[in-house]
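Given next are the chains, with one letter for each unit.
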Amino acid sequence: MTSESSAEKPNVPLSTLMGVFFRVGMASFGGSTAAFLYREVVQVRRWMSEEEFLAALTLSQVMPGANPVNMSLYVGAQLRGGIGAFAAALGLVGPPFVVILILGGLYARYGGVAAVQAALAGVVAVGVAMVLQLGTQLARGIRRLVPALIAMAIFVAVGVLKWPMIPVVLVLAPLSIGFELWMDAKARHG
Amino acid sequence: MDSRLLGLILVFAPLSLFSFGGGQAIMADMKVQVVDVQGWMTAQQFADVFALSRAAPGPSTLIAALIGWQVAGFFGALVGTLAIYVPSSIVMYAAVRWWHAQADSPWRAVLQRGLAPVAMGLVFAGALSVLEAAQVSALQLVTTFAALGFLLFTKVGPYPLMIVAALASISLLYV
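Rules used in this analysis
Residues numbered from 1 in each chain as written. Chains lettered and ligands numbered in written order. Predicted model: local features only at pLDDT ≥ 70, side-chain atom pairs only at ≥ 80, totals over all residues. Helix = DSSP H or I, 4+ residues; strand = E, 2+ residues; numbered from the N terminus. Buried ≥ 20, exposed ≤ 12 C-beta atoms within 10 Å, placed from the backbone. Contact = placed C-beta atoms within 7 Å. Rg over C-alpha atoms; globule rule 2.2 N^0.38 Å. Axes fitted to C-alpha atoms, helices over the stretch in contact; angles between N-to-C directions. Left-handed = near helix turned anticlockwise from the far one by under 90°. Nonpolar A, V, L, I, M, F, W, Y, C, P; charged D, E, K, R; others polar. Domains from an automatic or database assignment. Expected span 1.5 Å × (residues − 1).

Helices and strands together make up the secondary structure of chain A, namely 7 helices and 0 strands. Secondary structure elements of chain A, listed N to C terminal, follow the sequence α-α-α-α-α-α-α. Out of the 190 residues belonging to chain A, those deemed buried represent 51%. A separation threshold of at least 6 residues defines the contact pool for chain A, and within that pool the share at least 24 residues apart is 59%.

This part takes up the overall build of chain B. When helices and strands are counted, chain B shows 7 helices and 0 strands. Traced from its N-terminal end to its C-terminal end, chain B shows the element sequence α-α-α-α-α-α-α. Scaling as 2.2 N^0.38, a compact globule of 175 residues should have a C-alpha radius of gyration of about 16 Å, whereas chain B reaches 20 Å, well beyond that. Principal-axis analysis of the C-alpha atoms places the extent of chain B at approximately 60 × 55 × 25 Å. Classification of the 175 residues of chain B by burial places 45% in the buried group. Partitioning the intrachain contacts of chain B with sequence separation of at least 6 by distance along the chain shows that 48% fall at a separation of at least 24.

Helix-helix packing is described using two parameters, namely the angle between the two axes and the distance between the axes. Residues and elements named next belong to chain B. Where helix α1 (residues 3-17) contacts helix α4 (residues 63-101), the axes come no closer than 8 Å and their chain directions differ by 35 degrees. The hand of the α1/α4 crossing is right-handed. Per-class residue counts for the contact of α1 with α4 are 17 nonpolar, 5 polar and 1 charged.

Residue-level contacts link 84 residues of chain A with 76 residues of chain B. Counting residues per element, the ones that place at least two in the side of chain A that touches chain B are α1 (14-27), α3 (50-62), α4 (67-110), α5 (114-141), α6 (145-160) and α7 (165-189) of chain A. Taken together, the residues of the side of chain A that touches chain B sort by class into 61 nonpolar, 19 polar and 4 charged.

In this section: unusual backbone geometry. Residues apart from glycine generally show negative phi values, whereas peptide bonds are mostly found in trans. Residues and elements named next belong to chain A. Of note in the backbone geometry, Arg 46 takes a positive phi value of approximately 55 degrees without being a glycine. The backbone of Lys 162 sits at a positive phi, close to 60 degrees, despite the residue not being glycine. Mapped onto the fold, Lys 162 is located in the loop between α6 and α7.

This part takes up the domain arrangement of chain B. When the domains of chain B are assigned, the result is domain 1 (3-101), domain 2 (105-133) and domain 3 (135-175). Between the C-alpha centres of domain 1 of chain B and domain 3 of chain B the distance comes to 31 Å.

The periodicity of an α-helix, 3.6 residues per turn, causes residues three or four places apart in sequence to face the same way. Across its 16 residues, α6(A) extends 21 Å between first and last C-alpha, which sits within 8% of the 22 Å expected from 1.5 Å per residue. The elements touched by buried residues of α6(A) are α7 of chain A together with α5 (106-132) of chain B. Of the residues one or two after α6(A), Lys162(A) is the one with positive phi, at around 60 degrees.

Attention now moves to the environment of Ala119(A). Structurally, Ala119(A) is set in helix α5. On the basis of neighbour counts, which here come to 21 C-beta atoms within 10 Å, the residue Ala119(A) falls in the buried class. Ignoring any residue separated from it by four or fewer positions in sequence, one finds Ala119(A) in contact with Ala166(B), Ser169(B) and Ile170(B).

And the structure:
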């Protein structure tokens, strides 16, 4: 048992925290926030383990609120408490808030600005690549059959069949946790 | 308080609290409220700001800023944005504090291991829905897989790739 969780937090300056979320917020086109966050928080800065990141991601998806904002609250609170959560969320939402108002103004005045639309199409494509990269990275981490089946079932139910996410998670998450409990008990009692 | 600002709060704050699963979960209700009930926008205007919020950086719930702007200018944008994020953030923050308080309990580690495959499945589902949404062009698909190749097999980071992809798609306009 290592003490990697909140017992020992790296003392991250608020400006660093805000800067990371500023970059992530401005870079995350096409629903790729989780992928950019994974890169910054797990791979580059090692603020949390992969497992903890994934648990935070599930919590962020299930709770009400935009997933990227919820992730910023999680990471910010873990590193610097309440003020950290605030700084991270502000860093994430503030700059895109300004950008979207500028884009809205341009759009209202000129209609579809061809160059802007083309540029956005390009960066969205890279955003999707980031998500796929996160997916392959995570898939490499699965070494047991049952978790792999659960991940696949979630993908098929939510992604392919378009079933509503909350009920699917409410059924499969307890199954997955039950499996881990069982494994845990087995490891303990031999 | 300006009744338009109050109107924005009354529409967005409840949506915020019910956005289980993220922004997509409330988009249909938001459209009904904004277009049919309040009459703040036409259906076409809503479709336009929806497309804009998906294409722009940041969470797509920033559509609230564009709707707020339409209703009451800059302060409308600010109030709309706060109303969509603050209520859910308070709930999430409480949940996070509780979760962090359990850091040393053994069952949290089990819970964490159990939640990991769930998140993984949702990441793949999200990637699929982005690929399906908003008419991804053949050019975009090529860009996506070229970028994926660079990300997986080289040390090139995403930021240079985004700049190159943006410049390349702009220059294609003038070919």
